[in-house]
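Breakdown of the fold
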Amino acid sequence: MRLVVPFAAGGANDIIARVLGERLSAMWGHQVVVENRSGAGANIGAAEIARSEPDGHHLLITSSAIAVNKFLFEKLPFDPVADFAPVSLVAIIPNAMVVPKTSPAHNVAEFIAMAKAKPGSLNFGSAGIGSSLHLIGELFKRLAGVDMKHVPYRGAAAAMSDLIGGRIDLMFDTVTVSLNHVREGTIRAIGVSTRERVPTLPDIQPIGDTVAGFDVGSWFALFLPSKTPRNVVEAVSEDVRTALTTTAVAEKLAGLGARIIASTPDQLGSHVSSEMDRWGVIIREAGIKAQDG
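Now for a quick tour of the structure. (Residues numbered from 1 in each chain as written. Predicted model: local features only at pLDDT ≥ 70, side-chain atom pairs only at ≥ 80, totals over all residues. Heavy atoms only, no water.)

Summed over the entire model, instances satisfying the criterion amount to 15 salt bridges. Between Glu285 and Arg142 there is a salt bridge; the shortest N-O distance is 2.3 Å. In this pair, Glu285 sits in helix α10 (residues 265-286) while Arg142 sits in helix α5 (residues 132-144), placing the two residues 143 residues apart along the sequence. A residue is classified by how much of its surface remains accessible, and Arg142, at 43% relative accessible area, is partly exposed. (Salt bridge = Lys/Arg side-chain N within 4 Å of Asp/Glu carboxyl O. Helix = DSSP H or I, 4+ residues; strand = E, 2+ residues; numbered from the N terminus. Buried < 20%, exposed > 50% of the residue type's maximum accessible area, 1.4 Å probe, protein only.)

Another point: the side chain of His271. Assignment of secondary structure puts His271 in helix α10. What makes His271 buried here is its relative accessible area of 18%. When residues no more than four places from it in sequence are discounted, the contact partners of His271 are Leu89 and Trp219. (Contact = heavy atoms within 4.5 Å.)

Phi angles above zero are rare outside glycine, and Ala40 is one such case at about 55°. Within the secondary structure layout, Ala40 lies in the loop between β2 (33-36) and α2 (43-50). Its relative accessible area of 32% is what places Ala40 among the partly exposed residues. Non-glycine residue Ala42 carries a positive phi angle of around 85°. Here Ala42 is to be found in the loop between β2 and α2. By relative accessible area, Ala42 is classed as buried at 4%.

On to the packing of aromatic side chains. In the structure shown here, the tally under the stated rule is five aromatic pairs. For the ring pair Phe78 and Phe84, a centre distance of 5.5 Å and an interplane angle of 85° mean the geometry is edge-to-face. This pair shows no difference in class: Phe78 is buried, exactly as Phe84 is. Taking relative accessible area as the criterion, Phe84 reaches 5% and is therefore assigned buried. (Phe/Tyr/Trp six-rings, centres within 6.5 Å; stacked < 30°, edge-to-face > 60°.)

Turning next to helix α8 (residues 230-244). Across its 15 residues, α8 extends 21 Å between first and last C-alpha, which sits within 8% of the 21 Å expected from 1.5 Å per residue. Every buried residue of α8 is listed here: Val233, Val236, Ser237, Val240, Ala243 and Leu244. Down the axis of α8, the smallest arc covering the buried residues is 125°, so these residues share one side. (Expected span 1.5 Å × (residues − 1). Arc of directions from axis to C-beta.)

Here we come to the nonpolar core. By size, the foremost hydrophobic cluster in this structure holds 51 residues, and its most contacted members are Met97, Phe111, Phe140, Phe214 and Trp279. Contributing elements (two or more residues each) for this core: α2, α3 (65-72), β4 (84-100), α4 (108-117), α5, β7 (170-174), β9 (217-225) and α10. The biggest single contributor to this core is α10, with six residues. Of all hydrophobic cores here, the second largest spans 29 residues; its members include Leu20, Ala91, Phe220 and Val236. (Core = buried A, V, L, I, M, F, W, Y, C linked by side-chain atoms within 4.5 Å.)

Structural data, given as structure tokens:
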């Protein structure tokens with residue numbers, strides 16, 4: 001069994017794949033090999049699975065990219081719906097709304113007041129044009145009714161470095177990455193992106209308490225090639241859900257700030273469809289186009 005990660009090693013997608021792959025290897029009695037096939041906004045790895053034999057031995061673990069890339073890229077090497085069989089949602093990692101430690105804003109309401117006082121004067125950084133961190137920022141702008149400039153970086157680490165240095169005003173980053181910086185006091189968390197509070201940041205209020213309808217996180221899910229027999233898809237999905245309920249997997253994912261969301265194939269299919277509906281509007285209205293490089 002191969003488990004393709006369409007991102008570089010070391011990120012949340014890769015870490016989750018290795019935790020889950022280790023457990024599935026033990027359950028199935030044969031090795032689940034994690035392969036990183038990064039590039040083109042996750043399209044290279046996804047295309048590889050779309051072209052693979054539908055024999056149940058080729059899995060893709062990916063993020064919201066599979067739902068949003070059709071709106072970001074002029075042309076995809078696959079159909080994100082027709083070429084994949086949904087298997088199961090795996091987890092959602094909340095994002096932290098973080099500001100420099102010198103920021104006057106100590107909560108979401110204060111930040112919105114700052115932004116509205118001087119429209120267009122504040123900015124937010126992201127991992128790049130069309131990245132999930134960019135889209136979350138655009139969602140915040142839309143729902144909070146504020147005007148901010150987007151500053152794209154080549155990766156989240158560079159954006160975080162400038163946030164720490166006070167060169168940008170705001171960033172939305174995964175709790176996994178933000179947590180240590182918050183604990184060290186180099187940045188300040190003023191909100192979390194999901195409706196539920198985050199156990200690792202228990203004192204930080206959900207953004208949705210101030211901005212109605214704001215509820216988003218970085219999600220990860222498994223897919224097989226579309227022509228994989230339904231009974232095979234169901235069997236793999238059931239095993240994945242079993243693996244996610246084991247103590248070892250649950251504890252490791254909780255350490256990343258992840259909330260496990262084991263689902264049926266149909267539930268994942270509905271989730272992808274709803275994500276396409278939500279982000280398609282935002283991407284089109286903001287005129288966002290991904291950079292192929």
